Amino acid sequence: MTTSQGACVQSPIDIAEFEAILLARKQDLLEILALRNANIKDLHASSLTDDSDVISAQIQGELDSLIIEKYTLELAEIEASLQKIIDNTYGICEMCDDTISKERLTIKPHARFCITCRELYEKNQPKS
Ligand SMILES: [Zn+2]
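Residues numbered from 1 in each chain as written. Predicted model: local features only at pLDDT ≥ 70, side-chain atom pairs only at ≥ 80, totals over all residues. Heavy atoms only, no water.

The name recorded for the protein in an unreviewed UniProt entry is RNA polymerase-binding protein DksA, from Helicobacter zhangjianzhongii.

### Considering the coordination of the zinc ion
Within the protein, the atoms that donate to the zinc ion are Cys93 (SG), Cys96 (SG), Cys114 (SG) and Cys117 (SG), at distances of 2.2 to 2.3 Å. One can describe the site at the zinc ion as tetrahedral: its 4 donor atoms subtend angles covering 104 to 117 degrees at the metal. Motif for the zinc ion, donor spacing along one chain: C-x2-C-x17-C-x2-C. The burial state of Cys114 is the same as that of Cys117; both residues are buried. (Donors = N, O, S within 2.8 Å, 3.2 Å for Na, K, Ca; no water. Tetrahedral: all angles 85-135°; square planar, octahedral: opposite > 155°, others 65-115°. Buried < 20%, exposed > 50% of the residue type's maximum accessible area, 1.4 Å probe, protein only.)

### Some details on the packing of helix 1 (residues 15-45) against helix 2 (residues 51-87)
The N-to-C vectors of helix 1 and helix 2 enclose an angle of 155 degrees; their axes lie 9 Å apart at closest approach. Compared by their axis directions, helix 1 and helix 2 come out roughly antiparallel. As for how helix 1 packs across helix 2, the hand of that crossing is left-handed. In terms of residue class, the contact of helix 1 with helix 2 is built from 17 nonpolar, 7 polar and 7 charged. (Axes fitted to C-alpha atoms, helices over the stretch in contact; angles between N-to-C directions. Helix = DSSP H or I, 4+ residues; strand = E, 2+ residues; numbered from the N terminus. Parallel < 35°, antiparallel > 145°, perpendicular 65-115°, else oblique. Left-handed = near helix turned anticlockwise from the far one by under 90°. Nonpolar A, V, L, I, M, F, W, Y, C, P; charged D, E, K, R; others polar.)

### Structural notes on the nonpolar core
In this structure, Leu22, Tyr90, Cys93 and Leu105 are the most contacted members of the largest nonpolar core, which totals 21 residues. Secondary structure elements with two or more residues in this core: helix 1 and helix 2. Of all the elements, helix 2 adds the most residues to this core, at 7 residues. Shared between two domains, this core holds at least three residues of each, these being domain 1 (14-90) and domain 2 (91-128). Ignoring anything within four residues of it in the chain, the contact list for Cys93 reads Asp98, Ile100, Arg112, Phe113, Cys114 and Cys117. (Core = buried A, V, L, I, M, F, W, Y, C linked by side-chain atoms within 4.5 Å. Domains from an automatic or database assignment. Contact = heavy atoms within 4.5 Å.)

### A few points about the packing of aromatic side chains
By the definition in use, this model includes 2 aromatic pairs. Taking the centre distance of 6.0 Å and the plane angle of 45 degrees together, the rings of Phe18 and Tyr90 count as tilted. With Phe18 in helix 1 and Tyr90 in the loop between helix 2 and helix 3 (102-107), this pair connects stretches of sequence that are 72 residues apart. Each ring, one from Phe113 and one from Tyr121, has its centre 4.9 Å from the other, and the planes form 45 degrees; the classification is tilted. For Phe113, a relative accessible area of 4% gives the class buried. On the basis of relative accessible area, Tyr121 is assigned to the partly exposed category, the value being 28%. (Phe/Tyr/Trp six-rings, centres within 6.5 Å; stacked < 30°, edge-to-face > 60°.)

This is the structure we're talking about:
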């Protein structure tokens, strides 16, 4: 039984398994964010006098900000997925209400859309 054609039976996914993955990832992200935020604080606290130090500190600071932004976004998605587990809607596509395949959730446990909707969504995103 490998095809999901026809029957509208949801393929059983082990929610507890995905919850554990999500919680572990959340913990990682919180640690990364705490570290990066500490870096930025250090940067602001240190009084740099040399111009090249100031520039490299600025570059590092911008990099940290970008990384923080990226991980904060991922963290929010993970929080939303954990909330879905509580709400019993985990693994359901936000756009078409279809079940997201287990294969896709294994690759991206905080996926919001099924693969079809993901492609549609990405097509409609402005490329930066
Ligand atoms: Zn969908």
